[in-house]
Amino acid sequence: MWPQEAWWSTLSRDIATDLFIPEGTPVARIQRLQLADGRPVTLMENYIEYAKVPGIEHHSGHFVALYQFLEENYNLFIDSTKDKISAKSTDFLEARVLD
């Protein structure tokens, strides 16, 4: 899976609830493009409390396996996740990335 991009922002109420952190808490938002046979098929987003991964935005484009990267660089071990899978119409930028 690549490329990916990471940056931080504050989060919405829904995401804060999912992460069990207060609304407005800074989070890292990591977007990844999943490929199949070299073609883009899925855009994935992960949110992590920024205090747990400070400076992650400086690693954009430098990792493939997110969980392994978090273990090796932040000593952060993921033992469970909550996935939300949805289908939607793409916006202009998403369409360009998935084209």
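Residues numbered from 1 in each chain as written. Predicted model: local features only at pLDDT ≥ 70, side-chain atom pairs only at ≥ 80, totals over all residues. Heavy atoms only, no water.

1. A look at the pattern of salt bridges
Short version of the rule: Whenever Lys or Arg places a side-chain nitrogen within 4 Å of a carboxyl oxygen from Asp or Glu, that contact is recorded as a salt bridge. Comment: elements are numbered from the N terminus, with helices defined as DSSP H or I runs of at least four residues and strands as E runs of at least two. Burial classes: relative accessible area under 20% of the type maximum marks a residue as buried, over 50% as exposed, and values in between as partly exposed (1.4 Å probe, protein chains only).
Within this structure, the stated rule accounts for two salt bridges. With a shortest N-O distance of 3.2 Å, Glu23 and Arg13 are connected by a salt bridge. Taken together, the positions of Glu23 in the loop between helix H1 (13-19) and strand E2 (26-36) and Arg13 in helix H1 put the pair ten residues apart, joining distant regions of the chain. With a relative accessible area of 58%, Arg13 lands in the exposed category. With a closest N to O distance of 2.5 Å, Glu45 and Arg29 form a salt bridge. On the criterion of sequence distance, the pair formed by Glu45 in strand E3 (residues 39-49) and Arg29 in strand E2 is long-range, its members being 16 residues apart. With relative accessibility at 39%, the residue Glu45 sits in the partly exposed group. Residue class for Arg29 comes out partly exposed when judged on its relative accessible area of 23%.

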